[in-house]
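Letter by letter, the chains look like this.
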Amino acid sequence: METNERIRSIREKTGLNRREFSDKYGIPVRTLEEWEAGRRTPPEYVVRLLSYVVEFQLIKEK
């Protein structure tokens, strides 16, 4: 899976749109759009950290 697909998948797990996800996690909307479109690539640690935080929060909400 490409990085942009991983980012989109992480966001979609939350059920949030781009604006809501950006606001919740402090990522500029434009940056998130660029990541998801594949025009920019975040460092791998950012992808792993986002994945970890989202998974943790989803577990915590149950």
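Each remark here, short or long, concerns the structure printed above.
Heads up: these notes are all about the structure in this document. (Residues numbered from 1 in each chain as written. Predicted model: local features only at pLDDT ≥ 70, side-chain atom pairs only at ≥ 80, totals over all residues. Heavy atoms only, no water.)

**Focus on the nonpolar core**
Ranked by size, the top nonpolar core spans 11 residues in total: Ile7, Ile10, Phe21, Tyr25, Ile27, Leu32, Trp35, Val46, Val47, Leu50 and Val54. Elements with a minimum of two residues in this core: α1 (3–14), α2 (18–25), α3 (29–37) and α4 (44–61). By residue number, the principal contributor to this core is α4, which donates 4 residues. Those residues in contact with Ile10 that sit more than four places away from it in its chain are Phe21, Val47, Leu50, Ser51 and Val54. (Core = buried A, V, L, I, M, F, W, Y, C linked by side-chain atoms within 4.5 Å. Buried < 20%, exposed > 50% of the residue type's maximum accessible area, 1.4 Å probe, protein only. Helix = DSSP H or I, 4+ residues; strand = E, 2+ residues; numbered from the N terminus. Contact = heavy atoms within 4.5 Å.)

**Overview of the environment of Val54**
Mapped onto the fold, Val54 is located in helix α4. The buried category is assigned to Val54, whose relative accessible area is 2%. Through-space distance from the C-alpha of Val54 to that of Tyr25 is 9.5 Å; in sequence the pair is 29 residues apart. When sequence neighbours within four positions are dropped, the list of residues in contact with Val54 reads Ile10, Thr14, Phe21 and Tyr25.

Any link to function would need more than the numbers given here.
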